[in-house]
2 protein chains.
Amino acid sequence: MKEAPNKCDCEKCDVREMFYKNVEAQYIEIVCNTKIEKAFKKGDMIIEEGKPIESFIYLKSGLVKLFKQGEDVKGQIIIIAKPFDFVNLLSVFSDTNYNYSVTALEDSVTCHLDLDHIKNMIRTNGEFALSIMKKISKVSDTIILESLTIRKKNIHGRVAYILLFFANQIYEDSYFELPLNRREIAEFIGKTTENVIRTLSEFRRDGLIKIFGKSIEIIDKEKLQQVSDFG
Amino acid sequence: MKEAPNKCDCEKCDVREMFYKNVEAQYIEIVCNTKIEKAFKKGDMIIEEGKPIESFIYLKSGLVKLFKQGEDVKGQIIIIAKPFDFVNLLSVFSDTNYNYSVTALEDSVTCHLDLDHIKNMIRTNGEFALSIMKKISKVSDTIILESLTIRKKNIHGRVAYILLFFANQIYEDSYFELPLNRREIAEFIGKTTENVIRTLSEFRRDGLIKIFGKSIEIIDKEKLQQVSDFG
DNA sequence: TTAAAATTATGATATTTATCATACTATGAC
DNA sequence: GTCATAGTATGATAAATATCATAATTTTAA
């Protein structure tokens, strides 16, 4: 990780709209002046479980995973987040320390805003408060409903689901490079590594996908969708 | 369900503290005057999936379950909520319609505040906004972390966990009446009804609990805790 | 009160998934 | 390049869980 040159280029910032739409100029300036932008390499730790929550972080570019490092060996991936999904929405307002860790699955850039400034903005600007709330509510909802969706599927359904998730939600392409290794996929869907590998092999044998190491090509999207829906 | 006599008795309301601590008198009055209190009998539907979200609801007394009615037969219980846990925190600020249903597990009383008034209070009162946010964040966090906790346990661990959940969190007593039938427990922990029943029988045979229909007495709490932790 | 329906219970069996063992393959360090 | 290490892959087996069948018990409705 390295800190990028920290010019206040909010004009070009993708998430400016959401944050600054309703905020008065003088507050924008305060936030801008204290904003820190950080660049992370693939694999870098962005947030570590247990550490104090000091800033309001959002993802500017890249891809990250949120996970529990758990006492047990097995980690558990909570969610894969892409830009526009805030990184640390879960506990920012309710806890002093992180309940989970975040690492970069791809080279990523994050924006760090001082949490106290954000809280002040919420205190002084109701519209801003409401839009943050809307976002928090949405992200939590998504995590909860996605977890219920995955939970009721068997392993075939879960693997199919996650392949379609990457194809449709993340890369918008039938051909993509998996940002997770097989063990991490297992940690995301709550099954063992071996069975994830086996299931991928079966999908390949059945002509649903092609596998080139970490690269996946979805051949029969319709059938894969069926496996996801009814599996 | 019947509407209770609707006097503005906020002075005696358990959750007044949280809501009104930071709110100016004139707003309290507006909310009070439009507040509706509703009484539900055990089994009554409080919120129905798909219906529009019109009010900000919190639970004054009783016990409720939030669940997906799902296309498939099997429902899935998201959370059991007791007073002080808001009922409809999940989607209130991010959606127009409910993503889940809520029914009363015990006779319950809910307070319904006009959602637009709440939003206005958020707009005009930053401290109030922050305390609502803190609560939302906390509830979402709890749901997510609890679901991860349950997910990594086998059926013995899950059943032990839920028994201890009722004993410690809900009833604060080793002897309690289960508010869920065996099928609903299964829906909560994501296992089949038969296996929940079987596991309860095993716990009884092993002397961990006593079972009298829906009533449970926890005999060996320590051992049950071990089963929950390591199962 | 009685019949019907739902719930609880248990056994037998099938299916799914995890675990263990063993290669093979790719990757990074030296 | 070579070695060590992590990741991928597959088979054999064990363990966990689901499914199916059936019966007893409790609850509900007429």
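Placed above this text is the structure.
Residues numbered from 1 in each chain as written. Chains lettered and ligands numbered in written order. Predicted model: local features only at pLDDT ≥ 70, side-chain atom pairs only at ≥ 80, totals over all residues. Heavy atoms only, no water.

All names here are of chain B. Burial along strand 8 (residues 209–212) is one-sided: the face carrying Ile209 and Ile211 is buried and the face carrying Lys210 and Phe212 is not. As judged from the 4 bridges shared by strand 8 and strand 9 (residues 215–218), these two strands associate in the antiparallel manner. Within the sheet, the bridge partner assigned to Lys210 lies in strand 9 and is Glu217. From the end of strand 8 to the start of strand 9, which pair antiparallel, there are 2 residues, and Gly213 there has a positive phi angle of about 65°. (Buried < 20%, exposed > 50% of the residue type's maximum accessible area, 1.4 Å probe, protein only. Helix = DSSP H or I, 4+ residues; strand = E, 2+ residues; numbered from the N terminus. Pairing = 2+ DSSP bridges.)

What follows concerns the interface of chain B and chain A. Each side of the interface is counted separately: chain B has 39 residues, and chain A has 39 residues. Summed over both partners, the interface of chain B with chain A buries about 3,400 Å², with 58% contributed by carbon and sulfur atoms. By the criterion of area lost to chain A, the three top residues of chain B are Gln76(B), Met133(B) and Arg151(B), representing 19% of everything that side buries. Glu127(B) is paired through a salt bridge with Arg123(A); the nearest N and O atoms lie 2.5 Å apart. At the junction of chain B and chain A, the tally comes to 19 residue pairs in polar contact (both at pLDDT 80 or more). Of the residues belonging to the side of chain B that touches chain A, the class tally is 17 nonpolar, 9 polar and 13 charged. (Contact = heavy atoms within 4.5 Å. Buried area = accessible area lost by both parts, 1.4 Å probe. Salt bridge = Lys/Arg side-chain N within 4 Å of Asp/Glu carboxyl O. Polar contact = N/O pair within 3.5 Å; in protein donor to acceptor, adjacent residues only side chain to side chain. Nonpolar A, V, L, I, M, F, W, Y, C, P; charged D, E, K, R; others polar.)

Moving on: the relation of the copies chain B and chain A. For these two chain copies, the linking operation is a rotation about an axis paired with a shift along it. Note on the copies: chain B fits chain A at an RMSD of 0.1 Å, the axial shift is 0.1 Å, and the rotation between them is 180°. Both chain copies can therefore be described as sitting about a two-fold axis. When the interface residues of chain B are mapped onto chain A, 100% of them again lie at the interface, so the same face is used by both copies. (Least-squares fit on C-alpha atoms with pLDDT ≥ 70 in both.)

Residue and element names in this part refer to chain A. The geometry of helix 5 (residues 155–170) relative to helix 7 (residues 193–205) is characterised by a closest axis approach of 10 Å and an angle of 75° between their N-to-C directions. Classified by the angle their axes make, helix 5 and helix 7 are roughly perpendicular. Only Asn195, Val196, Thr199, Leu200, Glu202 and Phe203 of helix 7 make contact with helix 5, whose side of the interface consists of Ile155, His156, Val159, Ala160 and Leu163. Class assignment of the residues belonging to the contact of helix 5 with helix 7 gives a composition of 7 nonpolar, 3 polar and 1 charged. (Axes fitted to C-alpha atoms, helices over the stretch in contact; angles between N-to-C directions. Parallel < 35°, antiparallel > 145°, perpendicular 65-115°, else oblique.)

Residues and elements named next belong to chain B. With respect to the helices and strands, Phe128 occurs in helix 4 (residues 126–151). Relative accessible area serves as the criterion here: at 0%, Phe128 is assigned to the buried category. The sequence separation of Phe128 and Asn22 amounts to 106 residues, and the corresponding C-alpha distance is 5.6 Å.

This part covers the protein's contact with DNA strand D. Around DNA strand D lies a shell of 16 residues, among which Arg182(A), Arg198(A), Ser201(A), Asn195(B) and Arg198(B) are the nearest. Across the atoms of DNA strand D situated within 4 Å of the protein, the share located in sugar and phosphate is 62%. For the surface near DNA strand D, the secondary structure elements donating two or more residues are helix 6 (182–189) and helix 7 of chain A together with helix 7 (193–205) of chain B. Per-element tally for the surface near DNA strand D: the top contributor is helix 7 of chain A, with 5 residues. (Near = heavy atom within 4 Å.)

In this section: helix 7 of chain B. Residue and element names in this part refer to chain B. In this model helix 7 runs 18 Å from its N-terminal to its C-terminal C-alpha over 13 residues, within 8% of the 18 Å that 1.5 Å per residue would give. Inspection of helix 7 places Val196, Thr199, Leu200, Ser201 and Phe203 among the buried residues, and these make up the whole buried set. On the buried face of helix 7, the contacting elements are helix 5 (155–170), helix 6 (182–189), strand 8 and helix 8 (221–230). In the stretch just after helix 7, Gly207 is the one whose phi turns positive, near 75°. (Expected span 1.5 Å × (residues − 1).)

No statement about biological role is implied by the geometric values presented.
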